[in-house]
Amino acid sequence: MYICIAMSEMEKYILDYAEKHPTFTASELASATAETLVQSRLTLEWHLGQLTKEGKLCRIGKGRYTTKVLAPFIPGEADTDRALAVQLQESHPDAAFCIYRGSVFASLQHHISFNAITYIETQRELTETIFHRFQDVGQRVFHRPDKKVFYDYIDISLPGFIIKPLVSGSPLQTIGGVTIPMLEKLLVDIRCDADFDYMGGGEAYRMLENAASLFTINTTRLLRYAGRRHCREEFEHDLRHIGL
C-alpha cells in the first residue's frame, strides 16, 4: 500500500513539473527533484518510463520528454508505390531502396504545392542504372537534378521520377513492405536536396513548425541525421526556437 501511494506522489510530481516545462530531460528533472521524494536516478527513470507507457508523457529524444503526446508520422498508401518497390527489389535484391511520392509533404506544407513526382533513392552506384532503366522505356525521369535542372525542366505537377543517392544513416521505416522516409529524414532533406529547393527557407521552417504541432519528432534522430547532412547547427537553433 505504501509503495502505491509513493508511486502516485512521484507520478503527480513529474506531471506537475512537465506542465511547467513543455519539454525536459531526465537530468533536468533529477536536478529539480528533492532527494526526499526520490533517492535514485534509476527510480526516477522508471517512473518516466511508466508514464510514457501510459501515454501521459512522450519520449522525443534520448532522455527528453514532453506531455504533448502526438501521433507518429506514417505516410499513407497513396504516398508510396508498392508495385514499383517490389519490381526494383526483385531486380536488385541486394540493394536498398527508399521510395515515396511527393504527396507525402502535403500535410507539412504551409503553402501546399501539388507534387506528382515519385522519388527513388538507392545506393549511389546504382542510381544511373535505375535512371537508364526508366529512360529506356520512355518515362519522364531525372537523375540527381541540381537547382538549374530542377527549375528549368521539372514540373512537379506532372508525373515523373527523380533518382538520387540514398544518404547512409537515413532515418527509414518500412510500411507494407515498402521502405519510406521517417519524418526526420524529410525535414532534413528539404533543406539539403537541390530538387527540394522550392520548399527551402521560410517554408522549411514553417514545415518544421507544422510537423511539431501535428506529429512526434524524435529530436535525437533528427539532429543525428542533420549532422550527416551538415546542417545540425541550423536545426539546433530552430528546435530551440519552437521549444523542442
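The coordinates are above.
Calculation notes
Residues numbered from 1 in each chain as written. Predicted model: local features only at pLDDT ≥ 70, side-chain atom pairs only at ≥ 80, totals over all residues. Heavy atoms only, no water. Disulfide = S-S within 2.5 Å. Buried < 20%, exposed > 50% of the residue type's maximum accessible area, 1.4 Å probe, protein only. Helix = DSSP H or I, 4+ residues; strand = E, 2+ residues; numbered from the N terminus. Pairing = 2+ DSSP bridges. Right-handed = clockwise from strand over helix to strand, strands pointing away. Axes fitted to C-alpha atoms, helices over the stretch in contact; angles between N-to-C directions. Parallel < 35°, antiparallel > 145°, perpendicular 65-115°, else oblique. Left-handed = near helix turned anticlockwise from the far one by under 90°. Contact = heavy atoms within 4.5 Å. Nonpolar A, V, L, I, M, F, W, Y, C, P; charged D, E, K, R; others polar. Phe/Tyr/Trp six-rings, centres within 6.5 Å; stacked < 30°, edge-to-face > 60°.

Considering all chains together, one arrives at 0 disulfides under this definition. You can see Cys 231 has no disulfide; the closest cysteine sulfur is in Cys 192, sitting 3.7 Å from it. Of the residues examined, Cys 231 reaches a relative accessible area of 8% and is grouped as buried.

This part takes up the pairing of strand 7 (residues 160–165). Counting buried residues along strand 7, 6 of its 6 residues qualify, which places the element largely inside the surrounding structure. As judged from the 6 bridges shared by strand 5 (residues 117–122) and strand 7, these two strands associate in the parallel manner. Residue Ile 120 lies in a different strand from strand 7, and its bridge partner there is Ile 163. Where strand 6 (residues 141–143) meets strand 7, 3 bridges bridge the pair, whose relative direction is parallel. If you follow Phe 142 over to strand 7, its bridge partner there is Ile 162. You can see the chain leave strand 6, run along helix 6 (residues 147–153) and come back into strand 7, and the turn it takes is right-handed.

Inspection of the secondary structure assignment puts Pro 72 in the loop between strand 3 (64–66) and helix 4 (82–91). In sequence terms Pro 72 and Asn 218 are 146 residues apart; their C-alpha atoms lie 9.8 Å from each other.

Attention now moves to unusual backbone geometry. Of note, Arg 144 is a non-glycine position whose phi angle comes to about 45°, a positive value. Phi is positive for His 230, close to 60°, though the residue is something other than glycine. On the basis of relative accessibility, which here comes to 75%, the residue His 230 falls in the exposed class.

Where strands meet in a sheet, backbone hydrogen bonds hold them as pairs that are either parallel or antiparallel. Across the sheet, 4 strands lie side by side as 4-5-7-6; this open sheet has mixed pairing. With partners counted over all chains shown, the strands left at the sheet margins are strand 4 (97–101) and strand 6, one partner each. Along the sheet, successive strands turn relative to each other by an average axial angle of 15°, direction set aside.

When two helices pack together, their arrangement is given by the angle between the helix axes and by the axis-to-axis distance. Where helix 7 (residues 183–192) meets helix 10 (residues 232–241), the axes come as close as 12 Å, and the angle between the chain directions of the two elements is 120°. Taken together, the axes of helix 7 and helix 10 are oblique relative to one another. Of the two elements, helix 7 crosses helix 10, and the hand of that crossing is right-handed. In this structure, helix 7 uses Leu 187, Val 188 and Arg 191 to contact helix 10, whose residues at the interface are Glu 234, Phe 235 and Asp 238. Its residues assigned to classes, the contact of helix 7 with helix 10 shows 3 nonpolar, no polar and 3 charged.

A word on the packing of aromatic side chains. Geometrically, a pair of aromatic rings is defined through the distance of the ring centres and the angle of the planes. The final tally for this structure, using the stated rule, is 10 aromatic pairs. Residues Tyr 119 and Phe 196 carry aromatic rings whose centres are separated by 5.2 Å and whose planes lie at 55° to one another, so their mutual orientation is tilted. Of this pair, Tyr 119 sits in strand 5 while Phe 196 sits in the loop between helix 7 and helix 8 (202–214), and the two are 77 residues apart along the sequence. A single burial state applies to Tyr 119 and to Phe 196, both of which are buried.

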